[in-house]
2 protein chains.
Amino acid sequence: MATLAEVARQAGVSLATASRVLNGSTRVVRAELRDKVVAAATELRYTPNAHAQALAGNHTASVGVVLHDVSDPYFAAIAGGAMRHAAEHDLLVMMSCTFRDPDRELAYVRMLHQQRAQAIILAGSGYHDRERTELLRTALASYQAGGGRVAVVSQHRFDVDTVLPDNQGGARALARALLDLGHRDFALVTGPEHLLTVRDRYLGFRHELGRAAAKLPNHRVADGGFTRDGGYAAVRSLHEAGVLDEVTCVVALSDVMAIGALAALRDLDIRVPDRLSLAGFDDIPTVRDLAPPLSTVRLPLEEMGARALDLVLETRGESDGPRVVRVAAEVVLRGSTARLDEGVRR
Amino acid sequence: MATLAEVARQAGVSLATASRVLNGSTRVVRAELRDKVVAAATELRYTPNAHAQALAGNHTASVGVVLHDVSDPYFAAIAGGAMRHAAEHDLLVMMSCTFRDPDRELAYVRMLHQQRAQAIILAGSGYHDRERTELLRTALASYQAGGGRVAVVSQHRFDVDTVLPDNQGGARALARALLDLGHRDFALVTGPEHLLTVRDRYLGFRHELGRAAAKLPNHRVADGGFTRDGGYAAVRSLHEAGVLDEVTCVVALSDVMAIGALAALRDLDIRVPDRLSLAGFDDIPTVRDLAPPLSTVRLPLEEMGARALDLVLETRGESDGPRVVRVAAEVVLRGSTARLDEGVRR
DNA sequence: GTTTGCTGGGAAAGCGCTTGCCGTACCGTA
DNA sequence: TACGGTACGGCAAGCGCTTTCCCAGCAAAC
């Protein structure tokens, strides 16, 4: 592994000159020497040591992205947006998956701090757990104290730049749309309530139902993991409790869960939307290809990732508080929800 | 940003002692001093500088994963497998997306080299392009010369450790299974032919058809991008060319394309599998939830990612040549393919 | 001819950490 | 009492690079 010193020696110049030639400096170097250095570097297959550069120059071109799980299309889309954007800025992205383990999340944040990453983007964390949150807050604060930039996607626990989808508003709009279709009796497939996203959507949905005096008694709410299988299991349990016979519409608080829900309904021979309507949330890419295509609430996931990166890259006045980019959610009605005319019900 | 030196001073010990306390060394330090150091570190919010550590100690705990696009479920699954495995080994993963741009791929490999990443995993590259391949080969060789480890997933252009799914075998098995169902007339939805994965699958499929004297004339082969929309467009063009009326089964060379194909068929009001059977390849998680659930060839994607990491982590004798982990592909027949009985055809 | 101003090269001081080596204190043993 | 052995601190030499500062050389100005 050739070093700069070796290159300099072989080119017959000083370390300083070699450095100036090989790594964009403002200083001009005479063409003759420049060529010699380049030739030597090529011959020796010189590859700069990024660690040494970081140490000496005090800067890195890497940002960290911490998210739940790349295999989850929701996060994959966000990450994809961030990465595509990062590529344009010549940034190296370090990505880590927490698999919803707060300890791992904390560990990764510390790791990125140690790496002196330029910025950290947190997506889809948001546990509603006093103690862990506090620990993470501390870790982030000390990272920021050292000059690091932080942005979070889809949560609002921290005083940092945030990309905030309108989960409540989206859920309310979805409720309204479903009410407009004539539905009054809903079952809800929800995720772990300590996830802020779940809470917001739940609250929004319930709130709007309340305004319309539609019911959502607790026994019609089933929760499971925030996963496909969680959605599947939740629908099974709703069925076993006889709830599916009482309602005309099932709402899942994420598309991933809705996919599981749809599978369960299919296995139960319950036709969607003829017998039951079904809606999800997020509009991940695959759901438009389900049969029937899923009604859902669209979030511009890729863009959210990109915007988070923007937040973190923009230089900004120290004085300003944390900024919040609000992202609108839009109801998309597709084939999985039907208008509830007289007589159609059951 | 506190440094080790400051911690040492505050604790009243030498730099060496502080280092030994804070970063796992074999050397023992008396409990009294140890406590002082820990206290000082805590108070000063000391966070070790990973770059300095890397420089001084000559080791890093990071590996690079270079793949096409996280948003593509195929790669997301592979990446997910690798990340989950990496987490167990306390590794930091740097992930980059090439978006199928060979230049970007090359750039990332060089970047990871500069970062002195412990290992690089390349997934889903595999362009069939003489010149780019050569460039990449050179970059990888020089990385390896510096002690880096390399593994690739699903290709075989380089003399490096490889996780190799049996694309040809899988395609042959799929052909056999479809022939067994009675199909003789196929249309093929394929991807860019410079992708090795595409070629292997194509060759395997065509080979097996040939053995059974079934036809696959060129006009029944449509290609598009290796994407959902590519699959959609390909089926549209097959339809416009009247091909869909000649065949009983459409095979897409990846599930992602099959999803697009299915959508196109639905838009064309062509029932699957009643009128046409459809099969894909990969068995990405979502396809079992399509309607009808997609017949496909299963690849253990998560495991492939994990195995690649294993390859790269295992210490091995210098003498051994590159190792190849072969991964079996297994046909999974689901609802999208039907037996072709007499009379069912068209 | 002397001074001034500029260009471009080099010496060397770090950046924050690890670790080989040496030194000291203290133990047990003969 | 003397001596070898062990435990544990500290000194200092790097790791590979950037960058400040200094200096030589030369052209232009006086």
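It should be noted that the structure appears before, not after, this text.
Residues numbered from 1 in each chain as written. Chains lettered and ligands numbered in written order. Predicted model: local features only at pLDDT ≥ 70, side-chain atom pairs only at ≥ 80, totals over all residues.

## Examining the pairing of strand β1 (residues 62-67) of chain A
All names here are of chain A.
Piece 1. Across the 6 residues that make up β1, a large majority, 6, are buried.
Piece 2. Alternating residues of β1 divide into Ser-62, Gly-64 and Val-66 and Val-63, Val-65 and Leu-67, and every residue in both groups is buried.
Piece 3. Here β1 runs beside strand β2 (residues 92-97); their pairing, made up of 6 bridges, is parallel. Note that in β2 the partner of Val-63 across the bridge is Val-93.
Piece 4. At this point the chain moves from β1, through helix α5 (residues 73-88), to the parallel β2, and the crossover so formed is right-handed.
Piece 5. When β1 meets strand β3 (residues 119-123), the two strands line up parallel, connected through 4 bridges. The residue of β3 that forms the bridge with Gly-64 is Ile-120. (Buried ≥ 20, exposed ≤ 12 C-beta atoms within 10 Å, placed from the backbone. Helix = DSSP H or I, 4+ residues; strand = E, 2+ residues; numbered from the N terminus. Pairing = 2+ DSSP bridges. Right-handed = clockwise from strand over helix to strand, strands pointing away.)

## Remarks on the relation of the copies chain B and chain A
Piece 1. Taken as rigid bodies, chain B and chain A are interconverted by a rotation of 180 degrees and an axial shift of 0.1 Å, the fit giving an RMSD of 0.1 Å. Such a combination of turn and shift is consistent with a two-fold rotation axis. Taking the C-alpha atom as reference, chain B places Met-94 of chain B closest to the rotation axis, 2.0 Å from it.
Piece 2. The residues that chain B uses at the interface reappear at the interface of chain A in 100% of cases, marking a shared surface. (Least-squares fit on C-alpha atoms with pLDDT ≥ 70 in both. Contact = placed C-beta atoms within 7 Å.)

## Details of the sheet that holds strand β6 (residues 186-190) of chain A
As a general point, the strands of a sheet are linked pairwise by backbone hydrogen bonds and lie either parallel or antiparallel.
Residue and element names in this part refer to chain A.
Piece 1. The parallel open sheet is built from 4 strands, whose spatial order is β7-β6-β8-β9. Of all strands in the sheet, those with a lone pairing partner are β7 (221-223) and β9 (277-279), marking the two edges. Each strand of the sheet is rotated relative to its neighbour by a mean of 15 degrees, with strand direction disregarded.
Piece 2. Here strand β8 (residues 249-252) runs beside β9; their pairing, made up of 3 bridges, is parallel. Across the sheet, Cys-249 pairs through a bridge with Ser-277, a residue of β9. (Axes fitted to C-alpha atoms, helices over the stretch in contact; angles between N-to-C directions.)

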